[in-house]
Amino acid sequence: MARKKLQKLFALLLTFSMTMSLLGVTAFAEDEDDVYLLEVGQTTTIGNYTGVSQQDREKYTNHQWETSDPKVATVECNEDGAVTVTGVGEGKVTITHRYDVVEGLEPPPVNPQSVQVPTPEQTEQTEQTEQTEQTEQTEQTEQTEQTEQTEQTEQTEQTEQTEQTEQTEQTEQTEQTEQTEQTEQTEQTEQTE
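The model shown is predicted, which means the values in this text are computed figures rather than measured ones.

Here we look at the overall build of the protein chain
Check the secondary structure of the protein chain and you find three helices and five strands. Element order for the protein chain, N to C, with α for helix and β for strand: α-β-α-β-β-β-β-α. Taken across its 193 residues, the protein chain has 6% of its residues classed as buried. Put simply, the protein chain shows about 17900 Å² of open surface, and 47% of that area lies on carbon and sulfur atoms.

Structure representation (structure tokens):
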């Protein structure tokens with residue numbers, strides 16, 4: 001019988017130990033009741049971690065602030081884990097702060113071979129960009145070809161004009177030379193007679 005009592009006591013002790021291990025650390029946190037007096041429309045920021053170093057504060061994540069009566073005071077979470085409390089109406093309210101404590105966790109390693117799958121909008125945008133670039137390139141090519149054709153045509157016209165001018169000048173020179181020779185012959189003939 002003593003043995004059964006001892007087994008029951010041991011089972012009870014084991015159950016108590018397991019229950020205590022499952023309780024969160026916050027269940028044993030010191031309950032500090034700070035009292036703030038606010039007038040309607042007045043705000044204050046709460047976020048002092050008494051006795052906690054800045055390095056340890058970075059371990060606190062997932063901050064959640066709640067008000068027991070939003071008709072008396074509202075809460076607005078800040079990025080640094082603090083809260084801005086605004087007095088809304090007359091009365092007494094309790095502001096509750098819940099957070100997680102993260103210790104010793106390292107971020108997962110970065111996979112250097114990660115693959116990014118574009119969204120349908122990104123794919124469509126990429127296709128539109130490629131089409132636009134292709135259209136611009138085609139237009140530039142056509143413009144370049146037109147410019148080259150225009151330059152060739154102008155060059156050809158200039159060459160033809162130059163050749164015509166030279167031909168005309170040669171013809172005029174030849175005519176002048178023939179006239180001069182005729183005149184000289186005529187004068188010689190007249191002098192001989």
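Observations concerning the sheet that holds strand 3 (residues 73-77)
An order of 1-4-3 is seen for the three strands of this open sheet, with the pairing classed as antiparallel. The two strands at the open ends of the sheet, each matched to only one other strand, are strand 1 (43-46) and strand 3. Going from strand to strand, the sheet's axes swing by 25 degrees on average, the running direction of each strand aside. In this sheet, strand 4 (residues 83-87) lies alongside strand 3 in antiparallel orientation, the contact comprising five bridges. Its bridge partner being in strand 4, Ala73 is matched across the sheet by Gly87.

With respect to the nonpolar core
Counting residues in hydrophobic clusters, the biggest one holds five residues: Ile46, Trp65, Ala73, Val83 and Val85. Discounting residues that sit within four places of it in the chain, Trp65 has contacts with Ile46, Val75, Cys77, Gly81, Ala82, Val83, Ile95, Thr96 and His97.

Details of the pairing of strand 4
Strand residues, when the strand is regular, have side chains that alternate between the two faces of the sheet. Residues Val83, Val85 and Gly87 of strand 4 are buried on one face, while the alternating residues Thr84 and Thr86, pointing to the opposite face, are not. Strand direction decides the pairing type here: strand 1 and strand 4, joined by four bridges, are antiparallel. The residue bridging Thr44 from the neighbouring strand is Val85, located in strand 4. Between strand 3 and strand 4, which pair antiparallel in sequence order, lie five residues; one of them, Gly81, sits at a positive phi of approximately 95 degrees.

Some thoughts on the environment of Thr86
With respect to the secondary-structure elements, Thr86 resides in strand 4. In the structure, Thr86 is positioned ten residues away from Glu76 in sequence and 8.4 Å away in space, judged by C-alpha atoms. If sequence neighbours within four positions are ignored, Thr86 has contacts with Leu38, Gly41, Gln42, Thr43, Val72, Ala73 and Thr74.

What to know about the confidence of the model for the protein chain
Mean pLDDT for the protein chain: 75, with 74% of residues reaching 70 or above. Considering only residues more than four positions removed or in separate chains, one finds that residues 23-31, a stretch of pLDDT under 50, has two contacts. When the criterion is pLDDT under 50, residues 110-115 qualifies, and its contacts beyond four places in sequence or with other chains add up to zero contacts.

Rules and cut-offs
- Residues numbered from 1 in each chain as written.
- Predicted model: local features only at pLDDT ≥ 70, side-chain atom pairs only at ≥ 80, totals over all residues.
- Heavy atoms only, no water.
- Helix = DSSP H or I, 4+ residues; strand = E, 2+ residues; numbered from the N terminus.
- Buried < 20%, exposed > 50% of the residue type's maximum accessible area, 1.4 Å probe, protein only.
- Areas by Shrake-Rupley, 256 points an atom, 1.4 Å probe, with all protein chains shown as cover.
- Pairing = 2+ DSSP bridges.
- Axes fitted to C-alpha atoms, helices over the stretch in contact; angles between N-to-C directions.
- Core = buried A, V, L, I, M, F, W, Y, C linked by side-chain atoms within 4.5 Å.
- Contact = heavy atoms within 4.5 Å.
- pLDDT = per-residue confidence, 0-100.

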